[in-house]
Amino acid sequence: MSGDLQGGLIGCGFFALNQLHGWRDARGAGIVALCDRDPERLRLVGDQFGIARRYTDAAAMLAAERLDFVDIATTVPSHRALVELAARHRVPVICQKPFAATMDDARAMVAACDAAGVALMVHENFRWQSAIRAVKAVIDTGEIGPVFWGRVSFRSAYDVFSGQPYLAEGERFILEDLGIHALDIARSLFGDATSVVARTRRVNPAIRGEDVATVLLGHAGDVTSVVDCSYATVQAVEPFPETLIEVDGASGSIRLGQGYRMVVATRAGSRAVEVSPPVLPWASRPWHNIQESVALIQQHWVDRLRDGAAAETSGADNLKTLALVEAAYRSAATGAVIDPASL
Ligand code: NAD
Ligand code: 89V
């Protein structure tokens, strides 16, 4: 492939602004066409980013443009139709999380892209946050020895509903929207899970879905992890949107605490490492760690399209994260221990 890859972005809503900023900074790719079914949103975002080729219909965009990839930044109900549309046009595709509302839809999208021979990546960006990469890098050196236990925790009282009002309306909330990131981080740090037990509850009476979830995961290699998330937790210093991590290994431990402070302890002593993410020129606190991860995952996509290797969070990979979400809901509803491979 020579020259910059030309992308089309579908869905110009709340989060797409981050993606468009990220694409402006990406090396070797850019967005040349935009689509949103809401003409006013399309006009606003097209003007803000100086993108003249605009469509209110994704099928019209794919028919008219010669695109190297599409980036789908819509909410979940539209994902399957849009991914399958891109596959029919043999255009590689990135799709926002949550990839699908059901495992059947997710598998159908992976199959459609496989059959068309096009790459598919899920924009599952939290594992790309530099503080989380720093934890993974320490595990990978072997310094703390074989890992036997971990915790991935996201507890907040931040008002996510003002920016994303649809989050208050769905029957499912925190596991599907936020827990999915934490479960994906657990997979990236501790490996694939083989058993899931979960409890959920709703504390905030103004929303429909659950806003508190605790998940106990059994991973291959006899590793146990806890993934806990809450949007009902008021604290002295609001940590949104930091994910806190604890990892215990046979020779030491890692603690990623609030304020992006990582402490690595072994029998030889301990050290504290500051792992604050950069605030990119277009980013704003407290979202800057998420915004950095958007830029990093998008660059990863460009690099993988160029070298032909699978993206770390390919559609096939994300089926395993989605299965953990489904397993957690099923366990919370029934009290049963669920094997995610059975879903
Ligand atoms: P939003 O509702 O603000 O924006 C979605 C946009 O897509 C809207 O402008 C809507 O008009 C448009 N749209 C919907 N269906 C369409 C279709 N078929 N064709 C063309 N346009 C269509 O939603 P949002 O808050 O930006 O969230 C979008 C996605 O991003 C969600 O899946 C959400 O979970 C995800 N998200 C991810 C992160 C992250 O860190 N990865 C953060 C926030 C949101
Ligand atoms: O990442 C997300 O999907 C967002 C937020 C971090 C606010 O939950 O919805």
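Keep in mind the model is a prediction, meaning the values are calculated, not measured.

> In this structure, what is going on with the site of ligand 2? I would like to understand it.
Taken together, K97, F126, V160, Q164, D177, L178, H181, Y231, F240, W287 and I290 make up all the residues around ligand 2. Note that an oxygen atom of ligand 2 is positioned 2.8 Å from one of the side-chain N or O atoms of H181. Measuring from an oxygen atom of ligand 2, one finds a side-chain N or O atom of Y231 at 3.1 Å. By residue number, the principal contributor to the shell around ligand 2 is helix α7 (residues 174–190), which donates three residues. For the shell around ligand 2, a count of residues per class yields seven nonpolar, two polar and two charged.

> Would you mind going over the packing of aromatic side chains with me for this structure?
Aromatic rings considered in pairs are described by the distance between their centres and by the relative angle of their planes. The final tally for this structure, using the stated rule, is ten aromatic pairs. Ring geometry for F14 against W287: centres 5.7 Å apart, planes inclined by 70 degrees, an arrangement best described as edge-to-face. Taken together, the residues span a long stretch of sequence, with F14 in the loop between β1 (5–10) and α1 (16–25) and W287 in the loop between β14 (269–274) and α8 (288–307) at a distance of 273 residues. Among the residues examined, W287 registers a relative accessible area of 15% and is labelled buried. Measuring from ring centre to ring centre gives 5.3 Å for F161 and F173, while their planes differ by 50 degrees; the resulting arrangement is tilted. One end of the pair, F161, is in the loop between β7 (147–155) and α7; the other, F173, is in the loop between β7 and α7, with twelve residues separating them in the sequence. The buried category is assigned to F161, whose relative accessible area is 16%.

> Explanation requested: the sheet that holds strand β11 (residues 244–249) in the structure shown.
Strand pairing in a sheet relies on backbone hydrogen bonds, with the paired strands running either antiparallel or parallel. The strand order across the open sheet built from eight strands is β8-β9-β10-β7-β11-β12-β13-β14, with neighbouring strands paired in mixed fashion. The open sheet has two edge strands, β8 (193–201) and β14, and neither has a second partner. The average angle at which neighbouring strand axes cross in this sheet is 10 degrees, direction not considered. The pairing of β11 with strand β12 (residues 252–257) spans five bridges and is classified as antiparallel. Bridged to V247 within β12 is I254. Sheet contacts for helix α6 (residues 130–141): β7, β11, β12, β13 (261–266) and β14; angle to β12, the most-contacted strand, approximately 175 degrees. Running over the sheet, helix α9 (residues 315–334) touches β8 and β9 (212–219) and is turned about 55 degrees from β8.

> Even after reading the chapter, I still don't get the environment of G335, so can you show me in this structure?
Along the chain, G335 turns up in the segment after α9. Here G335 falls in the exposed class, since its relative accessible area comes to 59%.

> How do you make sense of the site of ligand 1 when you look at a structure like this?
Among the 26 residues in the neighbourhood of ligand 1, the closest are listed as F15, D36, K97, N125 and Y166. In the environment of ligand 1, an oxygen atom lies 2.8 Å from a nitrogen or oxygen atom belonging to the backbone of K97. Considering ligand 1 on its own, with 850 Å² of exposed area, one finds that the protein chains cover 87% of that surface. Classifying every residue of the shell around ligand 1 gives nine nonpolar, eleven polar and six charged.

Conventions used here
Residues numbered from 1 in each chain as written. Chains lettered and ligands numbered in written order. Predicted model: local features only at pLDDT ≥ 70, side-chain atom pairs only at ≥ 80, totals over all residues. Heavy atoms only, no water. Near = heavy atom within 4 Å. Polar contact = N/O pair within 3.5 Å; in protein donor to acceptor, adjacent residues only side chain to side chain. Helix = DSSP H or I, 4+ residues; strand = E, 2+ residues; numbered from the N terminus. Nonpolar A, V, L, I, M, F, W, Y, C, P; charged D, E, K, R; others polar. Phe/Tyr/Trp six-rings, centres within 6.5 Å; stacked < 30°, edge-to-face > 60°. Buried < 20%, exposed > 50% of the residue type's maximum accessible area, 1.4 Å probe, protein only. Pairing = 2+ DSSP bridges. Axes fitted to C-alpha atoms, helices over the stretch in contact; angles between N-to-C directions. Contact = heavy atoms within 4.5 Å. Areas by Shrake-Rupley, 256 points an atom, 1.4 Å probe, with all protein chains shown as cover.

Geometry only, nothing functional implied.
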